[in-house]
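# What the coordinates show
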Amino acid sequence: QVQLVESGGGLVQPGGSLRLSCAASGSIFSIYVMGWYRQTPEKQRELVATITSSGTTNYADSVKGRFTISRDNHKNTVDLQMNSLKPEDTAVYYCNVKHPISRSAYWGQGTQVTVSS
């Protein structure tokens, strides 16, 4: 089993920054792809960023240049540094880990990010 715990969400003004963290525990292996997704009542859950065990990253076009994903394979953690936040970034952010071959996936409980003045 794999358990994911997110932290770092909150309320921030437009142009501000937040750093989200996710800690994975249980039967986790470095081969798992780790990432962040977000969801609003108006939209389906969408990919924000992913990172492989080797450090290859993938970002949604809407966050490129503003968000940075990183991971620590020894500690089994993945972070998302969010800069220049916009109101449209408001969403519940979910941590995700996925085995690249079996496609087994695990989700965190989600953390609310609200960007508003």
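In this report, the structure presented in the accompanying data block is examined. (Residues numbered from 1 in each chain as written. Predicted model: local features only at pLDDT ≥ 70, side-chain atom pairs only at ≥ 80, totals over all residues. Heavy atoms only, no water.)

### Regarding the overall build of the protein
Along the protein, the regular secondary structure elements total zero helices and eleven strands. Listing every helix and strand of the protein by position from the N terminus yields β-β-β-β-β-β-β-β-β-β-β. Relative to the compact-globule value of 13 Å for 117 residues, the protein shows a C-alpha radius of gyration of 14 Å, a close match. In the protein, which comprises 117 residues, the proportion classed as buried is 40%. As displayed, the protein has an accessible area near 6,300 Å², and 48% of this comes from carbon and sulfur atoms. Charge separation in the protein, taken as the distance between the mean sites of 11 positive and 8 negative side-chain charges, equals 5 Å. (Helix = DSSP H or I, 4+ residues; strand = E, 2+ residues; numbered from the N terminus. Rg over C-alpha atoms; globule rule 2.2 N^0.38 Å. Buried < 20%, exposed > 50% of the residue type's maximum accessible area, 1.4 Å probe, protein only. Areas by Shrake-Rupley, 256 points an atom, 1.4 Å probe, with all protein chains shown as cover. Lys, Arg positive; Asp, Glu negative; His and termini not counted. Charge placed at Lys NZ, Arg CZ, Asp CG, Glu CD.)

### A few points about the sheet that holds strand β8 (residues 77-82)
Strand order in the open sheet formed by four strands is β1-β3-β8-β7, and the pairing between neighbours is antiparallel. Among the strands making up the open sheet, the edge pair consists of β1 (2-7) and β7 (67-72). Neighbour-to-neighbour, the strand axes of this sheet turn through a mean angle of 15°, independent of strand direction. (Pairing = 2+ DSSP bridges. Axes fitted to C-alpha atoms, helices over the stretch in contact; angles between N-to-C directions.)

From the geometry alone we can't say anything about function, so treat these as descriptive.
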